[in-house]
Amino acid sequence: MGAAMRRIHVGNALSAFGLGFTVPYLYVYVAQVRGLGSMTAGLVLAVFAVAALIVLPFAGRAIVRRGPLPVLLIALVTAALGALSLGLSASAATVLLSAAALGAGQAVMQPALATMIVDCSTTETRSRAFAMQFFLQNLGLGVGGLIGGHLVDTTSASSFTLLFAIEAAMFLVLVAVMATVRVPRAPHVEAVPGQAAGGSWKQLLGNRAMVQLCVLGFVLFFACYGQFESGLSAYGVEAAGITTSALGTALAANTLMIVIAQFAVLKFVERRKRSRVIAAVGLIWAVAWAVAGYAGLGHGSQTMATAAFISTYALFGLGEAMLSPTLAPLVADLAPTGLAGQYNSAFALVKQLALAIGPAVGGPLGASLHAPYIVAFLFFSLGITVLAVRLGRQLTDVQNQPSLARSRVVTQGRTPADAVAAAEA
């Protein structure tokens, strides 16, 4: 890794560490510590999603026009102000406004950092760069949540103020770190007639492979991340009798699986077609939902049900480890020159939409309609496999399997630049 990439990865870890401090305790803070009730706490969580959906369409154009670094710095300062004001807020209005600022800043960070990784990597190194990003994000979230859990005190508002202040400080430290990054400037996209307003979005929607990837991404995030802390946890408690401590263990098993498996699966993933890797993830997640079905609908002991439920989260983690070096690099490879920021923002928008709809649909189903919930999401997982196979037909050979470009360098004796140019021609 170059110096720029090392700083970007440090930035990813710091931002995840700061988020881990507060995200697990946000509901308790608003509803109980500030005494604003469960409705306001629910609105705060909704505001995060709404803020992201509002700013992401504009973030893509800003990244394309101004570059990812200035957009990232503005997002970090906005998130820092939102976090600090959230820790000091005592009324519903100020809490919601602070959450909107924090949510908007966090949402814009994702495509900005992803675009910086794209600009600082090559087709050959991109999968490893995104795998490292995902690894550090999960490690930062886990460590931040662990430390935050020991600092927080539900009887003291000042302990939560400290948590949000630490989160704000992490964002400001990240500003200082990122300000020293020298990112290779992506080629500037000159304005052309008919593309002054929304032309890049029209171009994106005309890219069939990208549209299919966005549809696939929505189903992926809806069927996995959108269920972790809503439908699946509700199902575990209501149908499988899982205790809160066992639920925490399941979430820890998910993170642990990612940390252990991330680099173990990387070499396997790099040698396979991306569409087949995603298809395999769909099958793994189908098995995960089947195991979850046994946990809540089977007739085994409580110990077996708990073990099965924890295994479900671990299987989800294995799929996530396979996706991290696959999805984001594929988005970058589908983007025309200079439009990586636009494509990253579009994919982040799809993810946020899935994360907003997933809990709303999965929560009630998981809590009350146990068998239909499992069957529905088992079929969603199988749908991932079908969509991935269809996507593979829209990709070029090198887009689907970048290692082909490297193999052509060896077999034909070309320089890497020549081989890549030939593959893209």
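Our structure is the block above this text.
Each value, and the rule that gives it
- Residues numbered from 1 in each chain as written.
- Predicted model: local features only at pLDDT ≥ 70, side-chain atom pairs only at ≥ 80, totals over all residues.
- Heavy atoms only, no water.
- Helix = DSSP H or I, 4+ residues; strand = E, 2+ residues; numbered from the N terminus.
- Buried < 20%, exposed > 50% of the residue type's maximum accessible area, 1.4 Å probe, protein only.
- Contact = heavy atoms within 4.5 Å.
- Areas by Shrake-Rupley, 256 points an atom, 1.4 Å probe, with all protein chains shown as cover.
- Axes fitted to C-alpha atoms, helices over the stretch in contact; angles between N-to-C directions.
- Parallel < 35°, antiparallel > 145°, perpendicular 65-115°, else oblique.
- Left-handed = near helix turned anticlockwise from the far one by under 90°.
- Nonpolar A, V, L, I, M, F, W, Y, C, P; charged D, E, K, R; others polar.
- Phe/Tyr/Trp six-rings, centres within 6.5 Å; stacked < 30°, edge-to-face > 60°.
- Salt bridge = Lys/Arg side-chain N within 4 Å of Asp/Glu carboxyl O.

A.B. asks: What's the story with the overall build of the protein in this structure? I'm lost.
C.D. replies: The number of helices and strands found in the protein is 21 helices and zero strands. Among the 425 residues that make up the protein, the fraction classed as buried is 51%. In the protein, the share of contacts with a sequence separation of at least 24, taken over all contacts with a separation of at least 6, comes to 85%. When the accessible area of the protein is evaluated, it comes to approximately 17,900 Å², of which 68% is carbon and sulfur surface.

A.B. asks: Quick question: what am I supposed to make of the packing of helix α6 (residues 126–151) against helix α16 (residues 327–334) here?
C.D. replies: Geometry of a packed helix pair, given as the angle between the helix axes and the separation of the axes. One can describe the packing of α6 onto α16 by two numbers: an axis separation of 8 Å at closest approach and a directional angle of 135°. Between α6 and α16, the angle is such that the two are oblique. Here the hand of the crossing between α6 and α16 comes out right-handed. Residues Arg-126, Ser-127 and Phe-130 of α6 form the contact with α16, whose participating residues are Ala-328, Pro-329, Ala-332 and Asp-333. Here the contact of α6 with α16 is composed, by residue class, of four nonpolar, one polar and two charged.

A.B. asks: I'm lost on the side chain of Ser-15 in this one. Help?
C.D. replies: For Ser-15, the location among the structural elements is in helix α1 (residues 3–22). Take Ser-15: its relative accessible area is 7%, and that puts it in the buried class. Excluding residues within four positions of it along the chain, Ser-15 makes contact with Met-109, Phe-171 and Leu-174.

A.B. asks: Even after reading the chapter, I still don't get the environment of Ala-93, so can you show me in this structure?
C.D. replies: Following the sequence through the fold, Ala-93 ends up in helix α5 (residues 92–119). With 53 residues separating them in the primary sequence, Ala-93 and Thr-40 have C-alpha atoms 9.5 Å apart.

A.B. asks: Explanation requested: the side chain of Ser-233 in the structure shown.
C.D. replies: Looking at the element boundaries, Ser-233 is found in helix α11 (residues 231–238). Ignoring anything within four residues of it in the chain, the contact list for Ser-233 reads Gln-227, Phe-228, Leu-247, Phe-309 and Tyr-313.

A.B. asks: Explain the packing of aromatic side chains here, please?
C.D. replies: Aromatic ring pairs are described here by two measures, namely the spacing of the ring centres and the angle between the planes. One pass over the structure, following the stated rule, counts 16 aromatic pairs. Both rings, one in Phe-221 and one in Phe-347, keep their centres 5.8 Å apart while their planes meet at 65°; by these two values the pair is edge-to-face. With a gap of 126 residues between them, Phe-221 in helix α9 (residues 208–223) and Phe-347 in helix α17 (residues 340–368) connect regions that are remote in the sequence. Note on Phe-221: relative accessible area 7%, which makes it buried. We classify Phe-347 as buried; its relative accessible area is 10%. Between Tyr-373 and Phe-377, the ring centres sit 4.9 Å apart and the planes meet at 55°, which makes this aromatic pair tilted. Of this pair, Tyr-373 and Phe-377 both sit in helix α18 (residues 370–392), four residues apart, roughly one helical turn. One exposure class covers both Tyr-373 and Phe-377, and it is buried. One aromatic cluster in this structure is built from Phe-218, Phe-222, Tyr-235, Trp-285, Trp-289, Phe-316, Tyr-373, Phe-377 and Phe-380.

A.B. asks: Where do I start with the pattern of salt bridges in this structure?
C.D. replies: Pairs can form between side chains of opposite charge once their charged atoms are near each other. Evaluation of the coordinates by the stated rule reveals three salt bridges. The salt bridge involving Asp-333 is made with Arg-126; its shortest N-O contact spans 3.0 Å. Of the two residues, Asp-333 is situated in helix α16 and Arg-126 in helix α6; the sequence distance between them amounts to 207 residues. Accessibility assignment for this pair places Asp-333 and Arg-126 in one class, buried. Note that Glu-270 and Arg-128 form a salt bridge whose closest N and O atoms lie 3.2 Å from each other. Pair noted here: Glu-270 is in helix α13 (residues 266–270) and Arg-128 is in helix α6, with a separation of 142 residues, a long-range link. For Glu-270, a relative accessible area of 15% puts it in the buried group. Arg-128 gets classed as partly exposed once you look at its relative accessible area, which sits at 39%. The network of salt bridges with shared partners includes Arg-126, Arg-274 and Asp-333.

So far we have only geometry, and geometry alone does not tell us how the molecule works.
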